[in-house]
Each structure stands twice: as structure tokens, then as C-alpha cells.
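Now for the letters of each chain:
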Amino acid sequence: MKSTQLLCALCLSLAGQIAYAGPKIDHWVAPTGARVFFVENHSLPILDVQVDFVAGTAYDPPDKNGLAALTQGLLDMGVQGMDETQISNRLADLGAQLAGGADHDRASVNLRTLSTADKRIPALDIFRTVLTSPQFPPEVFDRERARTVAALKDALTRPEAIAGKAFWAAMYPTHPYGRQATPETVGALERSDLADFYRSHYTAKQATVTIVGDLARSQAEELAQQLTAELPTGAGATATAPAPPRLPEASEQRIAHPAAQAHLLMGLPALKRGDPDYFPLIVGNYSLGGGGFVSRLMKEVREKRGFAYSVYSGFQPLLQNGPFLIGLQTKKLQANDALKVTRDVLAGFLAKGPSAAELQAAKQNLVGSFPLRLDSNRKILENVAVIGFYGLPLNYLEHYAENIERVKASDVRAAFARHVTLENMVTVVVAGE
Amino acid sequence: MPIRYARLISLLLVLAAPTGVLANPFEQQLANGLRIIVKEDHRAPTAAHMVWYHAGSMDETNGTTGVAHLLEHMMFKGTPSTGPGEFSRRVAAAGGRDNAFTNKDYTAYFQQVPKQKLALMMQLEADRMRHLNLDSKEFAQEIKVVMEERRLRTDDQPQSLLYEQALAVALQAHPYRVPVIGWMNDLESMNVGDARTWYTRWYVPNNALVVIVGDVDHQEVFKLAEKYYGALAPRALPARKPQLEPQQTGIRRLTVKAPAELPVVLMAYKVPVLRDVEKDVDPYALEMLAAILDGHEAARFSKSLIREQRLATSAGAGYDSTARGPGLFFLQASPSEGRTRAELEAGLRAEITRIVKEGVTTEELARAKAQLVASEIYKLDSMFAQAMEIGQLESVGISYRLNTRMIEKLQDVNADQVRTIAQKYFGDDQLTVAELDPQPLPQTPRAHTAQPRH
């Protein structure tokens, strides 16, 4: 009787939340070939536009690590008819915010502007010129290359950055995802490298345009076309898209450092976007180390032993298999103890999977928190841009809750056995000597 | 004031008060002194719930620095009706996210939840407001976690160390000189009794503010507040000593050595903060100065120091006009390769001198104002940001209702006022200069790789 009541209460609460299926996403292909994703929302006088190109760091040519990021960084530092100061001043005059970056797969540029025509139209016009006519002025190139080198050198003194770089290199020893910009590779870049990279990767066919906010569909169609019409028509990046990575052999790397705390990372290439095991893996990971204070790693490493302030596990799905990773920081002397506890927790989870109570808690949170993932235009933009760029189903958000609900404990165990294999797990410990 | 901003301001007023609900946000005070502010925002079926305690690190005394933050951690360790860790488990089960943060002025707790779960959050927060267990075994584990947090965020972060040391030199009497996380030795000698004393002293309804922003009905929220928080007994608060900082009468300098590549120059000038929203002028002018120096990619510091002179690889300015304690205006920069810290300091000073001598342009000022107005509208995209704004203003003693007035006052700042404050506050006698002297990493044998032991 008691369990039936509980179950029904759960059904009711979940049903109530499933009813919120997320925003309606309009999708079309612009005449330029750019794929467009649009969420119309007039509740605030704000418009957000993001353009993602298949031009992330994985597309760095083998001897030019750092090229993709530097190219993205220089887009708004000089365009046809405007230098970097004019661009920034005009955007500020309009109250518009231009931002972006490059991750492993994507180079992104996004604009947030007020939606009233007197602000929106000039702001979008600057955005268009940033996308379509960057000039990479020589003196700006020299300066930004030097600043990037300085930042990379500084990062190489910090334990968290040293650990991160060693970790990616160990996971992807021969794959583009493992390539790292260094002071030497960036120092050797030339201005023509940026112009070439831009011409071949920033094409309309390699672009995904995501528009969220106070705009009508017809205006959105016009906007997507305008933004992408004058992009380069180069060969495109598909020819050099990264192949699936090979799994590394298990290894453990120790790097000395004078820091008070050791930084521990362990993981392996594990999951790509669109993989059918995605849902069992994120449900399982919630119990292992993704669910904040309620996860096993947090309980064993932090709550029970006081070993760390932060300890987590997670999947970072990419176009090809992105990492599963566990990370923590602990004072030098107890690094080995913390490593042992972490490995025991992982081994225990891989052997038995989540308990019934853990599985239920994971589903309750992942389904229940769904509205929180979409309660601002900014969050909607981020979610829809990922759906668009990776070609996830348009009803991904609509079916999110039921895909979580469907996961059984045996699915979690089986999916972890397929994706998280200890014989391929690399470990990096910095400052654990 | 150019008219195009006036139009945006009125737009802002309309947005701040959704159709037909001119009183939004709504406010009520319970008989026990607890205040509740509710801002209805019906754009998504969620709510942000925050409890702000008017006690932060500035209310600590020497020997127990860090206790405000330690108590924040202990607030998740259970009450007679909610076991250790149970608080976060119940928030998670409700589909929510929760956390907390401690600052110099306040300690705040929050949950973001589907709106149906708001009542449960209020029940849980009310419970731990007066019924915390404070068990010595839980304390013994948690103090270790806090020491790890200090190592992570301060001891191994050269720039955090620099900032910590700079504050301790710039201020000698006011408790803002003490780091929020506490000195390591104070953490090492802290006991559960210190936490209990702190909790008993400050965690009472008459020292707290509840802020709720979300898809809720304010009448219903007030009823829930009465139901859950209404029964908690108030208690008189201890007197707060002003601990005013004595006048600084000469430049102060310090150096911090830590493993790094890039040097850092950090300059802190003593300046006023907002005490009277209507009468004060200088804090608004200082906010505008910060925006003119560092408000966008082509603002003065970036344009002149990084781009034109190539003297700095990064440069920034920072000022917060709202605080319970004294104000500081920070300039911070790292030199380009081949340039010295002394050259960089001279470069930063030259930018201030240029403002004293030549003033700022009307274009620069208009630009800073346009950004300010837009950012106020962008803030409406986040329920959490709106709740933060209300709580932060209230915790320094400024009514959230004065926020629009503050925006208007910022719009009123003119170029003469900016020049005047640059002249008035940026002399050497009120200055502290802190330098990060980067140390090379010790030469170590190459990394070795071994097969792991599972």
C-alpha cells in the first residue's frame, strides 16, 4: 500500500513536470545552406543570436595547434570598414554584447542585443560584418599572438592547467582532441594561417545559426540569410572531420609541482553526441559523481573523509567520443589515499551499478529539474545551439523526460561496462609527490 | 541627459512591473522581524528562493576568522528533523539545485526549484534557521573540507594571495582586511563551539531576509512564509561596533612571491561607497569611471595599455559602490613580455592623470550609460540575477526599491564629476600597491608514467 502510494505520487509529480516540454524549435535551411534553429519568445525585449562553425580546436592542422582559437579570437578585431576600436565602441553604444569562443568541435560567436529596431538592426549589422569580413590586421595579429603566448606560459605554471593538458594528451595521444596549443606552436603561427583557416572553415554550409527571442519568423529567416550570405565558400571542414579516437592503454602519470594541493584527473574517451547510451550514462553518472552533494564520490571523498572541497565525475560528449572524467583536489600528503577511495568508488559502481534508491533519486532530479534547464533565453539558446550543431532530434527536449524515465539499473550497468573500461583509464596526478 | 536613454529607462520601469501589477515586487514583515520580498516573474514555471543573513566575515573577531563561512557549510549538516546531508537530498529529489555563499557583508542560501516545490524549500530553510544540530563529528570532517577549499581557492592561486595580502595592508582596523575564508591558522584551531556561538548570535528571523523570484503568487507566498517562518522566535542582536578605518597618510607597498609566469600590479585606492542614494554623488561618478576605464573591449585600459602601448597583456579596473564597509577602487594589470612592473604602474597612473588633466568625453560617458541600461534589461532574463540584486542591496542597507533611482542617478553623472573624483581620490596618500613577483617552478625530473594499480 505504502509503495503504491509513493509510486503514484511520483507519477503525478513527474506527469506535472513532463507537461513542460520545453520551447518550440523552428528549423529550416537558409538558401545559403546554413542550418537555422529559431525559438520565438516575446516576453522580454531581447534577442540572442549564435552562429556555430565546424571550426573548433580539433581542426587545428597538426603543426599549428592554437590556430582555431586564435582565428576565432580575432574575428571582431578589425573588419571591412571598421577597426577593432570602432567595432567595440559601436556595440557598446548600442548596449549590445558580443562573445564567443572555440571548444574542441565548435567555434562560436554570439550576440545579445535589445530587440527594438534602433538597437537591433545596427547591432546585427556589426555582427554580420564580424562573421563575414574579418581582416586579421597584421599589428593586431602580432599583439594577440604575443598575448596568447604569455597566457599559455602563465597557465603552464598552474597545477590545474598542467593537469588538464597532460590529461587530454594522455587520453588522445594520436587524436586531434589531444592536441594542445603551446607557446611554441602559437608563436610559430602566421597571419596567413588565420586567413586560410577562416576561408576554409567559416562557410555557410558549416554554419549553424541559432536565434532566440523577440523576433518574428519572417524576420528570423531574413536574418539568417543576411548573416551567412557573404561567408566564404571554401572547401569546408568535413573532409578533415576527426576520426573516432582509439582507446588508450591504462596509465598513471605523476607530475611534480610545489602547490599545497594535488590535482587528480582520471578518465578516457567515452561518449559521442547522439549515442543511444547517453541517457543511461547520465542517469548513472548522477549517482556516481554528477549529482553534487548526493553523489557517491561526494559522500565518500568529501563528506566522510574531508579529503576535498570539490570532487565530481562527468561525461563531455563531443562529435567523436569525448571524455568521461573524474576530478578532485586534495592536500599533497593524502593524494594517494584520495586516489584509492576514488578508484574504489568507481570500481564498486561499475560492478554493481546504482541501487534502486539511487536510480530513483537520479530520475527524480533529472526529470524534476528539467524546467530549470530552460528558464531563461540564455539557457534556451545554449540548449538549442547544441541540438542544432550536433544534429540531435528536434524533439530532443520534448522526449528528454521520458528518455530518462525509461532507464533501468541494468541499462546503466551495461552502458558503463561498454563506455567506462578500466583497462583504458588514464590518470594524471599533479603535485602529488 | 540624451533623450534616447530616457525612453529606455521608462521601458525598464514597465518591465520591472509586469502588466497591471504595479506593486511588484511585494514585501511583508512577520511579527518575529523576518522580512520577505517576492518578485513575480511568470516567464517559466520555476522559482528562486534565497535566505540572506545579515552577518558576514566583517562581523567576525580575530582568532575565529572564517567562522561565518564555516557555519555556512555546517548549515547542510542536519537538524533534529533533517539528517546530515538530508537537506540537499530533499532539494535534489524535488528537482532543485541548492548552494550557499558567504561574503564580507552577508551569508546567503538559495534553491532554484520547479515552482511547485517552493513550499518545501521554505519549510527546510525555516527548520535550519533555528534548529541546526552542530554535531562535533560533522564539524571535524567539514573543517577539513574548508581547509581544502582555502588551499584550492587561495593558497595555490597567486592572484588570490595577492588580493588577500593587499586587503590586509590597505586596511588596518576595519574587518574587511580579513579574508572571508579565514586565515589558515584560525581554521586549524576552530572548534564546534565557535560555530555554535556564531549560529546562536546571528541566525534569527529578525536578522534575515527571504527573497523569492519566480512564477508564484505573492499572497500565497506570504501565507507560506507565515506558516513556516512565523513560529520562529526572534532574539535581540548584539551591538555591531563600527570599527572605522583610520585615515591613511602615505602610500603602502607590498610584494607577494608565488609560482607564476606573469607579474601582477594591483593598486587599491580608498574611495567612498553609497550611503545616501539621493544625496551622494561620488560613488555614482566612481562607477562611471570604472566603466570608462574597463567597461568594454575598447575602453581606455584595453585601448591604451594593451592595444596602443602594448605595455600590458591584461588590465582592468574594479569598484563596487554598495558595501557595508569601506570602499576600494582597484586597478590591476600584468605587463607584456619585456616590460617591468614599474613601467606598468607608471602606465596605470598615467591613465588616471590623463583623466584628471583632460577629463572624459561625452561619448565615453554616453557609452557607459548605454551599457548600463541594456544590462539592467538583460538582468531580467535571469530569476536568480534578480533575486541576487534585491538581496545584495538589502544586505548593505539600501532598499531594493531604490534600484531604479540608483540607475537614474548613474544616468545623471556628468563629465565634470568624473574628472573631479579622479582628482579627489587618486592621490598617493590613500594608495596601496601590491605586486606579484612571479617565481619559477623548481626544476623537476620529467614526468613519469606507470601502469596503475586498480
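Residues numbered from 1 in each chain as written. Chains lettered and ligands numbered in written order. Predicted model: local features only at pLDDT ≥ 70, side-chain atom pairs only at ≥ 80, totals over all residues. Heavy atoms only, no water.

1. Notes on the overall build of chain B
No. 1: A count of helical and extended segments in chain B gives 16 helices and 12 strands.
No. 2: Since a compact globule built from 454 residues should have a radius of gyration of about 22 Å, the 24 Å found for chain B is in line with a globular shape.
No. 3: Per-residue burial for chain B yields a buried fraction of 59% across its 454 residues.
No. 4: Relative to all contacts within chain B whose residues are 6 or more apart in sequence, the contacts with residues 24 or more apart total 81%.
No. 5: Distance between charge centroids for chain B: 1 Å, based on 53 positive and 55 negative side chains. (Helix = DSSP H or I, 4+ residues; strand = E, 2+ residues; numbered from the N terminus. Rg over C-alpha atoms; globule rule 2.2 N^0.38 Å. Buried < 20%, exposed > 50% of the residue type's maximum accessible area, 1.4 Å probe, protein only. Contact = heavy atoms within 4.5 Å. Lys, Arg positive; Asp, Glu negative; His and termini not counted. Charge placed at Lys NZ, Arg CZ, Asp CG, Glu CD.)

2. Here we look at the nonpolar core
No. 1: Ranked by size, the top nonpolar core spans 137 residues in total, and within it A:Val49, A:Phe127, A:Val209, A:Ile211, A:Phe324, A:Phe416 and A:Val420 carry the most contacts.
No. 2: For this core, the leading source of residues is helix H12 (residues 335-352) of chain A, giving eight residues.
No. 3: Among all residues touching A:Phe127, those that are not within four sequence positions of it are A:Val49, A:Val51, A:Leu98, A:Val109, A:Asn110, A:Leu111 and A:Leu227.
No. 4: Among the nonpolar cores identified, the runner-up in size contains 67 residues, and B:Tyr284, B:Leu293, B:Ala312 and B:Leu436 belong to it. (Core = buried A, V, L, I, M, F, W, Y, C linked by side-chain atoms within 4.5 Å.)

3. Thoughts on the confidence of the model for chain B
No. 1: For chain B, mean pLDDT is 93; residues scoring 70 or higher make up 93% of the total.
No. 2: At the level of chain-chain contacts, confidence expressed as ipTM amounts to 0.92, with global pTM at 0.93. (pLDDT = per-residue confidence, 0-100.)

4. A few points about the side chain of B:Arg324
Residues and elements named next belong to chain B.
No. 1: Within the fold, Arg-324 resides in the loop between strand E9 (312-318) and strand E10 (327-335).
No. 2: For Arg-324, the side chain forms a polar contact with the side chain of Asp-59, separated by 2.8 Å.
No. 3: Residues in contact with Arg-324, not counting those within four places in the same chain, are His-54, Ala-55, Gly-56, Met-58, Asp-59, Asp-105, Tyr-176, Arg-240, Arg-275, Ser-395 and Val-396. (Polar contact = N/O pair within 3.5 Å; in protein donor to acceptor, adjacent residues only side chain to side chain.)

5. Some details on the interface of chain B and chain A
No. 1: Contact with chain B, which involves 65 residues of that partner, is made by 75 residues of chain A.
No. 2: With both chains or domains summed, chain B and chain A bury close to 6,500 Å², and 56% of this area falls on carbon and sulfur atoms.
No. 3: A salt bridge links B:Glu337 to A:Lys153, with the nearest nitrogen and oxygen atoms 3.5 Å apart.
No. 4: Between the two partners, chain B and chain A, sit 32 residue pairs in polar contact (both at pLDDT 80 or more).
No. 5: Elements that contribute at least two residues to the side of chain B that touches chain A include exactly helix H1 (3-16), helix H3 (86-93), strand E5 (107-114), helix H5 (136-155), helix H11 (300-308), helix H13 (362-379) and strand E12 (448-450) of chain B. (Buried area = accessible area lost by both parts, 1.4 Å probe. Salt bridge = Lys/Arg side-chain N within 4 Å of Asp/Glu carboxyl O.)

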